[in-house]
Structure formats: C-alpha cells, structure tokens
Amino acid sequence: MYDPRFKFQPYIGDNTYLNHANDLLDIQAKIHDKLGECENFLGVDFCDVHAGGIQVRGHHKLIERYSYPGVQPTIEYDFSNSDEVVNKFIEAWNEADNEKDVQSFLRFVREGEKYGWD
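Starting from 1, residues in each chain are numbered consecutively following that chain's sequence as written. Residue-level local features of this predicted model are given only where pLDDT is at least 70; pairs of side-chain atoms are given and counted only at 80 or more, and the full residue set underlies all totals for whole chains, interfaces and linings. Water and hydrogen atoms were dropped before computing side-chain values, which therefore reflect all heavy atoms in the structure.

Asks: I'm lost on the packing of helix H1 (residues 14–35) against helix H2 (residues 82–96) in this one. Help?
Replies: When two helices pack together, their arrangement is given by the angle between the helix axes and the distance between those axes. Where H1 contacts H2, the two axes come as close as 10 Å, and the packing angle between them is 35 degrees. As H1 runs across H2, the sense of the crossing is right-handed. Of H2, the residues touching H1 (which contributes Ile27, Lys30, Ile31, Lys34 and Leu35) are Ser82, Asp83, Val86, Phe89, Ile90, Trp93 and Asn94. For the contact of H1 with H2, the residue count by class is seven nonpolar, two polar and three charged. Only the contacting stretch of a helix is used when fitting its axis, a line to C-alpha atoms as for every element, and angles between N-to-C directions run 0 to 180 degrees. Secondary structure elements are defined from DSSP: runs of H or I of at least 4 residues count as helices, runs of E of at least 2 residues count as strands, and each element is numbered from the N terminus. By the definition used in this description, the sense in which the near helix is turned from the far one sets the handedness, with an anticlockwise turn below a right angle giving left-handed and a clockwise turn giving right-handed. Note on contacts: a residue pair is in contact if any heavy atoms of the two residues lie within 4.5 Å. Basically, the charged four are Asp, Glu, Lys and Arg, the nonpolar ten are Ala, Val, Leu, Ile, Met, Phe, Trp, Tyr, Cys and Pro, and anything else, Gly included, counts as polar.

Next comes the structure, spelled out in structure tokens:
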C-alpha cells in the first residue's frame, strides 16, 4: 500500500497508515520545505519500530541503502508532537550534515557490511 506522494516508502502498520497518512505527508512537506535547498538532503521516511512512536528518518545523498541515523526524532502515536518533531529533525539534520559525521557513518557501514552487525 505505497502512496507515491511519499518520497520514500513509509514502514508503518496499515492502521497507522489509514488514520495518519495525511499527517505524515504534512510532516514530510514541512521538512522538505525547510531542507529542500540542502545539497545532501534527499528526503525522509517514516518507520514504526515500536519504540514509543514513529521515527522520522533522513536520507543523505552520500549514504546509499541506509537512512542517516543521527537524525531520527520520534512522532508520538497520537501525533501530538508533530510540529516539535519537524523542528527537531531540521535542527538535527543541520548539525549532522557535515563531512566528519558523514564519513564516520560511512566507515561504520563499511565495517558492518564487511564484518557483520553484531
């Protein structure tokens, strides 16, 4: 049940999708509006890992196949903190989108892919 209005497929349950797709699209639009001019920003996805809410994960131009982990604020299941999450995401992205942090994560990925993720 993938909606092409999402830049990246959301990983959420059917109930959440049916009840909150428009809320998620609104969050996506607000983040894209603020970060659309950032050279390395590709977009966001939404992932419910049952950690108290739905994580908003960022995708970086230099990082293939993985979301950028330094940027993952959590939306409460009732969406009461949506505006706060948008602001947290934008702030975290602006802090994490730097050469040192990106290269560190890319080294982590290379080692994980080579030696395993244990």
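Asks: Sorry, what's going on with the sheet that holds strand S1 (residues 41–48) here?
Replies: Hydrogen bonding along the main chain pairs the strands of a sheet, whether they run parallel or antiparallel. Strand order in this open sheet of three strands is S1-S2-S3, and the pairing throughout is antiparallel. Either end of the sheet is taken by a strand with one partner, and the two such strands are S1 and strand S3 (74–75). Any two strands between which DSSP finds at least two bridges are classified as paired. For S1 and strand S2 (residues 54–60), the ladder comprises seven bridges, and the chain directions are antiparallel. Looking at S2, one finds that Gly43 is bridged to His59. The sheet strands contacting H2 are S1, S2 and S3, and the helix crosses S2 at an angle near 30 degrees.

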